[in-house]
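Single-letter residue listing:
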Amino acid sequence: MKIPEHIAIILDGNGRWAKKKRMPRNYGHAQGSKTVEKICEEAYRMGVKYLTVYAFSTENWSRPRDEVDALMKLLRNYMKDCLKTSSKNNMKVRILGDISKLGEDIKTSIIELEEASAENTGLNFQVALNYGGRDEILRGAKKMAEAYKAGLISLDEIDESNFFRYLDTKGIPDPDLLIRTSGEQRISNFLLWQLAYTEFYFTDTLWPDFTKEELMKAFQYYNSRNRRFGAV
Ligand code: IPE
Ligand code: IPE
Ligand code: MG
């Protein structure tokens with residue numbers, strides 16, 4: 001079976017999972033973050049080289065204040081845990097998104113985590129935080145316009161491969177497979193540039209219930225669909 005080199009996941013359904021158990025939504029988020037850790041290990045064991053998860057979108061700020069606060073608190077702890085797991089599992093961590101809007105302490109943890117794991121050679125793990133695909137493209141376009149203004153690039157040099165260097169995913173191959181859990185079938189502003197040729201897999205499973213068996217099903221689907229560029 002062909003294993004996708006890069007999988008991207010829209011982890012969705014934490015709130016509904018908690019509701020089914022008559023628990024607060026935040027319990028679902030806490031459980032969801034444990035699932036992320038498990039799936040990182042399983043995916044790497046199965047041969048995945050890059051894993052990108054959507055943890056907090058630019059739109060998620062409009063959730064109730066309590067929930068945003070709880071998610072930020074969870075994120076703080078997650079960054080600390082991730083520092084340990086990345087060294088244990090030789091994982092290289094990168095954060096995608098506009099981190100300038102996050103709290104100072106979270107920013108510090110992000111920089112620490114990226115620096116500490118930069119030389120690791122295992123799974124490349126990307127976490128999208130305060131991420132929006134449109135926002136990423138606009139931030140990239142602004143950086144490119146600055147470079148043009150400074151005379152560092154010419155108009156003719158503005159092409160797809162050069163623009164890619166201004167995106168948060170610089171140097172990371174585009175995802176081969178996108179998974180979205182919880183039955184929703186939308187992109188919700190995730191990786192708009194990078195998903196141009198990606199296969200999409202949707203499952204009704206809620207994210208905290210996602211397992212390696214589910215991952216295997218997604219890979220089977222990917223293998224049945226994997227006929228890129230007209231090849232049969
Ligand atoms: C996904 O779960 C996690 C985040 C967006 C942070 P949701 O919180 O969207 O869960 P549902 O969709 O309400 O069930
Ligand atoms: C997408 O999930 C964002 C993340 C998983 C971080 P949402 O649950 O926030 O998306 P919508 O609002 O249902 O599209
Ligand atoms: Mg949701």
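This text goes with the structure placed above it.
The rules behind these values
- Residues numbered from 1 in each chain as written.
- Chains lettered and ligands numbered in written order.
- Predicted model: local features only at pLDDT ≥ 70, side-chain atom pairs only at ≥ 80, totals over all residues.
- Heavy atoms only, no water.
- Near = heavy atom within 4 Å.
- Polar contact = N/O pair within 3.5 Å; in protein donor to acceptor, adjacent residues only side chain to side chain.
- Areas by Shrake-Rupley, 256 points an atom, 1.4 Å probe, with all protein chains shown as cover.
- Helix = DSSP H or I, 4+ residues; strand = E, 2+ residues; numbered from the N terminus.
- Nonpolar A, V, L, I, M, F, W, Y, C, P; charged D, E, K, R; others polar.
- Salt bridge = Lys/Arg side-chain N within 4 Å of Asp/Glu carboxyl O.
- Buried < 20%, exposed > 50% of the residue type's maximum accessible area, 1.4 Å probe, protein only.
- Patch = residues over 30% accessible without salt bridge, like charges linked within 9 Å, V, L, I, M, F, W, Y side chains within 5 Å.
- Pairing = 2+ DSSP bridges.
- Axes fitted to C-alpha atoms, helices over the stretch in contact; angles between N-to-C directions.
- Phe/Tyr/Trp six-rings, centres within 6.5 Å; stacked < 30°, edge-to-face > 60°.

A. Structural context of the site of ligand 1. All residues in the neighbourhood of ligand 1 are listed as Leu 11, Asp 12, Gly 13, Asn 14, Gly 15, Arg 16, Arg 25, His 29, Ala 55, Asn 60, Arg 63 and Leu 71. In this structure, an oxygen atom belonging to ligand 1 sits 2.9 Å away from a side-chain N or O atom of Arg 25. Alone, ligand 1 offers 380 Å² of accessible surface; in the complex the protein occludes 87% of this. Those elements that provide at least two residues to the shell around ligand 1 are α1 (14-20) and α2 (25-45). Here the shell around ligand 1 takes three residues from α1, the largest share from any one element. Looking at side-chain class alone, the shell around ligand 1 contains three nonpolar, five polar and four charged residues.

B. Highlighting the pattern of salt bridges. Counted according to the given criterion, the structure contains 16 salt bridges. When the shortest N-O distance is used, the salt bridge between Asp 12 and Arg 16 registers 3.7 Å. A relative accessible area of 15% places Asp 12 in the buried class. Through salt bridges with shared partners, a single network forms among Asp 12, Arg 16, Arg 180, Glu 184 and Arg 186.

C. Region of interest: a nonpolar patch on the surface. On the surface, a nonpolar cluster with roughly 300 Å² of combined accessible area is contributed by Tyr 148, Leu 155 and Ile 158. As for its position among the elements, Leu 155 is in the loop between α5 (133-149) and α6 (160-164). Given the relative accessible area of 56%, Leu 155 is considered exposed.

D. Main features of the site of ligand 2. With respect to spatial proximity, the complete set of residues near ligand 2 consists of Ile 10, Leu 11, Asp 12, Tyr 54, Ala 55, Phe 56, Ser 57, Asn 60, Arg 63, Arg 180, Arg 186 and Ser 188. A distance of 3.2 Å separates an oxygen atom of ligand 2 from a polar atom in the side chain of Asp 12. In the environment of ligand 2, an oxygen atom lies 3.4 Å from a nitrogen or oxygen atom belonging to the side chain of Arg 180. Protein contact buries 78% of the 390 Å² of open area that ligand 2 shows by itself. In terms of residues, the shell around ligand 2 owes the most to one element, strand β2 (residues 50-57), which gives four residues. Its residues assigned to classes, the shell around ligand 2 comprises five nonpolar, three polar and four charged.

E. A look at the sheet that holds strand β5 (residues 177-180). Here six strands make up an open sheet; going across it, the order is β3-β4-β2-β1-β5-β6 and the pairing parallel. Each having just a single partner strand, β3 (92-96) and β6 (199-202) make up the two edges of the open sheet. Across the sheet, the mean angle from the axis of one strand to that of its neighbour is 20°, orientation sign disregarded. Here β3 pairs with strand β4 (residues 124-131) via five bridges, running parallel. Paired with Arg 94 across the two strands is Gln 126, which belongs to β4.

F. Representation of the packing of aromatic side chains. Applying the stated rule across the entire model yields nine aromatic pairs. When the ring of Tyr 54 is compared with that of Tyr 131, the centres are 5.9 Å apart and the planes differ by 80°; the resulting orientation is edge-to-face. Of this pair, Tyr 54 sits in strand β2 while Tyr 131 is found in strand β4, placing the two residues 77 residues apart along the sequence. Classification of Tyr 131 by relative accessible area gives buried; the value is 0%. Pairing Tyr 131 with Phe 190 gives two aromatic rings, centres 6.0 Å apart and planes at 90°, and the pair type is edge-to-face. Placement of Tyr 131 in strand β4 and of Phe 190 in the loop between β5 and β6 is noted, with a sequence separation of 59 residues between them. Here the two residues Tyr 131 and Phe 190 agree in accessibility, since each one is buried.

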